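Analysis of the macromolecular model
Now for the letters of each chain:
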Amino acid sequence: MDALKVIAQDSVKADAPKFNIGDTVKVSVNIREGSRERIQMFEGTVIAKKGSGVSETFTVRRISYGVGIERVFPLHSPNVVDVKVIRKGKVRRAKLYYLRDRVGKAAKVKEDIK
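Just so you know, these numbers come straight off a predicted model, no measurement behind them.

Cut-offs applied
Residues numbered from 1 in each chain as written. Predicted model: local features only at pLDDT ≥ 70, side-chain atom pairs only at ≥ 80, totals over all residues. Heavy atoms only, no water. Helix = DSSP H or I, 4+ residues; strand = E, 2+ residues; numbered from the N terminus. Buried < 20%, exposed > 50% of the residue type's maximum accessible area, 1.4 Å probe, protein only. Contact = heavy atoms within 4.5 Å. Areas by Shrake-Rupley, 256 points an atom, 1.4 Å probe, with all protein chains shown as cover. Lys, Arg positive; Asp, Glu negative; His and termini not counted. Charge placed at Lys NZ, Arg CZ, Asp CG, Glu CD. Core = buried A, V, L, I, M, F, W, Y, C linked by side-chain atoms within 4.5 Å. Patch = residues over 30% accessible without salt bridge, like charges linked within 9 Å, V, L, I, M, F, W, Y side chains within 5 Å. Salt bridge = Lys/Arg side-chain N within 4 Å of Asp/Glu carboxyl O. pLDDT = per-residue confidence, 0-100. Pairing = 2+ DSSP bridges.

1. Regarding the overall build of the protein
On a plain count of helices and strands, the protein comes out with 1 helix and 5 strands. For the protein, the α and β elements follow one another from N to C terminus as α-β-β-β-β-β. Considering only C-alpha atoms, the protein reaches an extent of 50 × 35 × 25 Å along its principal axes. Taking all 114 residues of the protein together, the buried fraction comes to 29%. Across the protein, every contact between residues at least 6 apart in sequence was considered, and the portion connecting residues at least 24 apart equals 50%. Of the roughly 8200 Å² of accessible surface on the protein, 51% is carried by carbon and sulfur atoms. Of the side-chain charges in the protein, 25 are positive and 13 negative, and the distance between the mean point of each set is 7 Å.

2. Examining the nonpolar core
Counting residues in hydrophobic clusters, the biggest one holds 19 residues, and the most contacted among them are Phe-19, Val-25, Val-27, Phe-58, Val-60, Phe-73 and Val-83. Elements represented by at least two residues in this core include exactly strand E1 (24-33), strand E2 (36-50), strand E3 (57-64) and strand E5 (80-87). Residues within four places of Val-60 in sequence aside, it is in contact with Val-25, Val-27, Phe-42, Glu-43, Gly-44, Thr-45, Val-46, Ile-69, Glu-70, Arg-71 and Phe-73.

3. Concerning a nonpolar patch on the surface
A contiguous nonpolar surface patch, about 280 Å² in accessible area, is contributed by Ile-39, Met-41 and Val-81. As for its placement among the helices and strands, Ile-39 is situated in strand E2. The exposed category is assigned to Ile-39, whose relative accessible area is 53%.

4. Notes on the confidence of the model for the protein
Chain-level statistics for the protein give a pLDDT mean of 90 and a share of 99% at 70 or above. Taking the mean pLDDT of every element in the protein, the minimum, 75, falls on helix H1 (residues 2-11) and the maximum, 96, on E2.

5. Notes on the pattern of salt bridges
Here the structure, examined in full by the defined rule, presents 8 salt bridges. One salt bridge in this structure joins Arg-32 and Glu-37, with 3.3 Å as the shortest N-O distance. Given the relative accessible area of 54%, Arg-32 is considered exposed. What emerges from the salt-bridge pattern is a single network uniting Glu-33, Arg-36 and Arg-38.

6. Description of a positive patch on the surface
A cluster of like positive charges, contributed by Lys-90, Arg-92, Arg-93 and Lys-110, occupies part of the molecular surface. Taking the relative accessible area as the measure of exposure, Lys-90 reaches 57% and is therefore exposed.

7. A look at the pairing of E2
Sheet analysis places E1 next to E2, joined by 10 bridges and oriented antiparallel. Of the residues in E2, the one forming a bridge with Glu-33 is Arg-36. In this antiparallel pair of consecutive strands, E1 and E2, the connection spans 2 residues, and Gly-34 shows a positive phi of 70°. As consecutive antiparallel partners, E2 and E3 are separated by 6 residues, and within that stretch Gly-51 has a phi angle of approximately 80°, a positive value.

Here is the structure:
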């Protein structure tokens, strides 16, 4: 079991981005299409973080053309190039799944002003 932990420790990014639930983030993802590679941006609200260590993931939700889209990103994946925090959110929950049922302004998260 210790051998697995050593292998997993090598895969963990040392400069993992710091963000919390409710933050609006812009995730840069490496997309492979055949032999070509490009970077695609996905901007939305972080509604969940799960796991720890190399298996840590976060879920980002956005509304595109009136349809809610959620993507789950592994935090330490080599395909996740960068995560930039656009604005901080003020929330009182660990998971924001209730945003799925809301539309319009009710689906917004208040900004945390410090």
